[in-house]
Amino acid sequence: MGDQVMLVFDQLKKNDPQLRLLTAGVLLGFCVLLAGLWWVQIVSAQDYQQHLETQAFRTVRIPAVRGKILDRNGITIAENAPIYSVSLYLDDLRDKFKDEYSRLRPMQTVTNRAPFWKFWDHARSVRTTRVPLKKDQIDALTWEARYNVASNIVAKIGSELRSPVSLDYKDFVRHYETARALPYPILSNIDPDVVARFEEQSTSPNGVDLEVQSARYYPLQTTAAHLLGHLQADKSSAEGEESYYDYRLPDYRGIVGIEYGFDSALRGHAGGKSILVNNQGYRQSESVWEPVEPGSNVVLTLDLHIQQGA
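The notes below deal with the structure included here. (Residues numbered from 1 in each chain as written. Predicted model: local features only at pLDDT ≥ 70, side-chain atom pairs only at ≥ 80, totals over all residues. Heavy atoms only, no water.)

**Remarks on the overall build of the chain**
Regarding its fold elements, the chain presents 11 helices and 13 strands. Residue burial in the chain is summarised as follows: out of 310 residues, 32% are buried. About 20,000 Å² of surface is accessible on the chain, with carbon and sulfur atoms providing 54% of the total. (Helix = DSSP H or I, 4+ residues; strand = E, 2+ residues; numbered from the N terminus. Buried < 20%, exposed > 50% of the residue type's maximum accessible area, 1.4 Å probe, protein only. Areas by Shrake-Rupley, 256 points an atom, 1.4 Å probe, with all protein chains shown as cover.)

**Things to note about helix 6 (residues 169–178)**
If you check which residues of helix 6 are buried, you get F172, V173, H175 and Y176. Viewed end-on, helix 6 has its buried residues packed into an arc of 165 degrees, placing them on one side of the element. In this structure, helix 6 carries K170 and E177 as exposed residues pointing more than 90 degrees from its buried face. On its buried side, helix 6 packs onto helix 4 (94–104), helix 5 (135–160) and strand 6 (184–190). (Arc of directions from axis to C-beta. Contact = heavy atoms within 4.5 Å.)

**With respect to helix 4**
Of the positions making up helix 4, those classed as buried are F97, E100, Y101 and L104. What you see down the axis of helix 4 is that its buried residues fit within an arc of 105 degrees, all on one side. Residues of helix 4 that are exposed and point more than 90 degrees away from the buried face comprise D95, K98, D99 and R103.

**Examining the pattern of salt bridges**
If charged atoms from side chains of opposite charge come close, those side chains can pair. As enumerated under the stated definition, the model contains 11 salt bridges in all. For the salt bridge of D139 with K135, the shortest nitrogen-to-oxygen distance reads 3.0 Å. You can see D139 and its partner K135 sitting in helix 5, four residues apart, about one turn around the helix. A salt bridge links R253 to D234, with the shortest nitrogen-to-oxygen separation between them at 3.5 Å. Within this pair, whereas R253 is found in strand 10 (residues 252–254), its partner D234 is found in the loop between strand 8 (231–233) and strand 9 (247–248), the two being separated by 19 residues in sequence. By relative accessible area, D234 is classed as buried at 10%. Three or more residues joined by partner-sharing salt bridges are found here, namely R61, R66, R216, D234, D251, R253, E259, D263 and R267. (Salt bridge = Lys/Arg side-chain N within 4 Å of Asp/Glu carboxyl O.)

**Brief notes about the side chain of K273**
Within the secondary structure layout, K273 lies in strand 11 (residues 271–278). For K273, a relative accessible area of 16% puts it in the buried group. K273 has contacts with R58, T59, V60, I62, E286, S287, V288 and W289, leaving out every residue within four places of it along the chain.

**Things to note about the packing of aromatic side chains**
As enumerated under the stated definition, the model contains six aromatic pairs in all. Aromatic side chains F97 and Y176 sit 6.4 Å apart centroid to centroid with 65 degrees between the ring planes, which places their arrangement in the edge-to-face category. Note that F97 is positioned in helix 4 and Y176 in helix 6, a separation of 79 residues in sequence. Residues F97 and Y176 agree in their burial class; the two are buried. Through a chain of ring-to-ring contacts, the aromatic side chains of F97, W143, Y147, Y169, F172, Y176 and Y184 assemble into a single cluster. Note that R146 overlies the ring of W143, its terminal NZ or CZ placed 4.7 Å from the centroid. (Phe/Tyr/Trp six-rings, centres within 6.5 Å; stacked < 30°, edge-to-face > 60°. Lys NZ or Arg CZ within 6 Å of the ring centre and 35° of its normal.)

**Details of the side chain of R66**
Locating R66 in the fold gives a position in the loop between strand 1 (55–62) and strand 2 (69–70). On the accessibility criterion, R66 (8% relative accessible area) is buried. At 2.9 Å, the side chain of R66 and the side chain of D263 are in polar contact. Residues contacting R66, with those up to four places away along its chain left out, are N80, R216, L231, Y252, R253, G254, E259, D263, L266 and R267. (Polar contact = N/O pair within 3.5 Å; in protein donor to acceptor, adjacent residues only side chain to side chain.)

**Quick look at unusual backbone geometry**
With phi around 50 degrees, N189 is a residue other than glycine that occupies positive phi space. Residue position: N189 is located in strand 6. On the basis of relative accessibility, which here comes to 54%, the residue N189 falls in the exposed class. A positive phi angle, near 55 degrees, is found at Q221, a position not held by glycine. Of note, Q221 is situated in the loop between strand 7 (208–217) and helix 8 (225–228).

No statement about biological role is implied by the geometric values presented.
Below you can see the structure in the form of structure tokens.
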């Protein structure tokens, strides 16, 4: 950088107007570049530091779709079926929480007399102000506002979908405090008729969406159940996966039978995503840093027709 600056000054000493003009332009560019670096690294450094301190990443484990189990002729014995849920995204309700808090905040009317030096003025001014609250009162009012907004939305959705549902206060508080960036299910495992009614609603409240998850399904019900085994909810990581996540979406592992013996192949490889949240725990953005690898299918030597006959 120093040699380049000296070269610029050497060019300015030459008696060539065009060269001097070009050199002056280059020098001006250097000055603008240095001013920009100074602004970013010195003036704005504190703003960037505060921005980093008020944001954080939360990692989420995304389970893979479990592989199918087939008989020797390719007939499906175990597969996956979609499970639909209506969920509430609390981070989309921030403005409504604030509006409800302002509505609930108690107000008081204050009458002010004229200052003592204006003894001839008997007029009084009347104004409305907010009632001063203590911290515990503010916290209680804040939770009441949040619950009112969420409860009203849940009641409206339940009425529109003809599936009455109420919002449990303790469960709502637990989800808000521990998993605010993730969807909060309000109607789980809904049937196709309810899904259709939800999709027909063009005026669904903000913050409400349809979530789809995969669940194990045995189309032949109890056929070869002693051989297939069953699944159990699991919160652990498989071998070769990341062991720590802030949140884990529902996942399952085999307990006995084929589901257990071939669990590593059927389970696939879970993926992961990062959610950027602000200092209040609300989601800002998200990105997938490890894609999901679906599980492999397992083909048995079992003949389904013979099994059914037996």
